[in-house]
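# Survey of secondary and tertiary structure
The residues making up each chain are set out below.
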Amino acid sequence: MPLFSEEGLPASYVALPFGEWQSRPEWPAVSLANTDPVEDLAPHVGRLRLIVLDFPKFSDGRAYSQARLLRGRLGYRGELRATGGVLQDQIGFMLRCGFDSFESEQKGFGEALAKARTLFSVVYQPAEDDQVPAALRRLERESAVL
């Protein structure tokens, strides 16, 4: 399956399935099903280089939650890859949750990824990126006026 990356990351690590990785936690790459416990990675996030999260179908959003937990609560800074039901119309949301590489066979995915960060100038929900939600911008403007 073709690999796309916003950062031009090399595909240098082979991710072990979570069950296999548990017996070899020194391995730098792991692949999680959306039912695997993300919290079990907490002691290891500092040395993991790649975590692959699976979208078994495009309508199953549990990997979004896993990504937010990894980036936000657990402080994971390595490569976070989305695989499975990864569609180009979801790239913006995936980027906001912390994904930075993607496996997709969808035609035009690379071009969509190149444009994804500029599609929306305003966001409504807080996420793992640096964008300030509209409600907070409004509050900041109102506070500056007072």
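Let me sum up the structure you'll find in this document. (Residues numbered from 1 in each chain as written. Predicted model: local features only at pLDDT ≥ 70, side-chain atom pairs only at ≥ 80, totals over all residues. Heavy atoms only, no water.)

### Some details on the overall build of the protein chain
Of regular secondary structure, the protein chain possesses five helices and six strands. Each helix and strand of the protein chain, ordered N terminal to C terminal, gives the series β-β-α-β-β-α-β-α-β-α-α. Counting only C-alpha atoms and orienting by the principal axes, one finds that the protein chain spans roughly 60 × 35 × 25 Å. Of all 146 residues assigned to the protein chain, the portion counted as buried reaches 37%. Residue pairs in contact within the protein chain that sit at least 24 positions apart in sequence constitute 49% of those at least 6 positions apart. (Helix = DSSP H or I, 4+ residues; strand = E, 2+ residues; numbered from the N terminus. Buried < 20%, exposed > 50% of the residue type's maximum accessible area, 1.4 Å probe, protein only. Contact = heavy atoms within 4.5 Å.)

### Some thoughts on the pattern of salt bridges
If you walk through the whole model with that rule in mind, you get four salt bridges. Arg62 is paired through a salt bridge with Asp60; the nearest N and O atoms lie 2.7 Å apart. Here Asp100 ties to Arg71 by a salt bridge, and the two come within 3.2 Å at their closest N and O atoms. Separated by 29 residues along the polypeptide, Asp100 in the loop between helix 3 (91-97) and strand 6 (101-103) and Arg71 in helix 2 (residues 62-73) bring together distant segments of the chain. This pair shows no difference in class: Asp100 is buried, exactly as Arg71 is. One network of salt bridges, with partners in common, ties together Glu79, Arg81 and Glu103. (Salt bridge = Lys/Arg side-chain N within 4 Å of Asp/Glu carboxyl O.)

### Things to note about the nonpolar core
In terms of nonpolar packing, the biggest core is built from 30 residues, with Leu41, Ile51, Leu53, Leu70, Phe99 and Phe102 touching the most fellow members. Taken together, the elements giving at least two residues each to this core come down to helix 1 (18-22), strand 3 (29-32), strand 4 (50-55), helix 2, strand 5 (79-84), helix 3 and helix 4 (109-115). Each residue touching Phe99, except ones within four places of it in the same chain, is listed here: Leu53, Phe55, Ala63, Ala67, Leu80, Arg81, Ala82 and Met94. (Core = buried A, V, L, I, M, F, W, Y, C linked by side-chain atoms within 4.5 Å.)

### Observations regarding helix 2
With 12 residues, helix 2 should cover 16 Å at 1.5 Å per step; its first-to-last C-alpha distance of 16 Å lies within 8% of that length. Of the residues making up helix 2, those classed as buried are Ala63, Tyr64, Gln66, Ala67, Leu70 and Arg71. Here the buried residues of helix 2 occupy an arc of 160° about the axis, which is enough to place them on one side. Buried residues in helix 2 make contact with strand 3, strand 4, strand 5 and helix 3. At the C-terminal side of helix 2, Gly75 shows a positive phi close to 70°. (Expected span 1.5 Å × (residues − 1). Arc of directions from axis to C-beta.)

### Quick notes on the sheet that holds strand 4
Pairing within the open sheet is mixed, and its six strands lie in the order 1-6-5-4-3-2. Only two strands of the sheet have a single partner each, and these edge strands are strand 1 (3-5) and strand 2 (16-17). Relative to the sheet, helix 2 contacts strand 3, strand 4 and strand 5, its axis offset from that of strand 4 by approximately 155°. (Pairing = 2+ DSSP bridges. Axes fitted to C-alpha atoms, helices over the stretch in contact; angles between N-to-C directions.)

### Thoughts on the pairing of strand 5
When a strand is regular, its side chains alternate between the sheet's two faces. Most of strand 5 sits out of view: five of its six residues are buried. Note that strand 4 and strand 5 share six bridges and pair parallel. From the neighbouring strand, Val52 faces strand 5, where its bridge partner is Arg81. For the segment spanning strand 4, helix 2 and strand 5, crossover handedness is right-handed. Two elements, strand 5 and strand 6, share two bridges in a ladder whose sense is parallel. Along strand 6, the bridge assignment pairs Arg81 with Ser101. (Right-handed = clockwise from strand over helix to strand, strands pointing away.)

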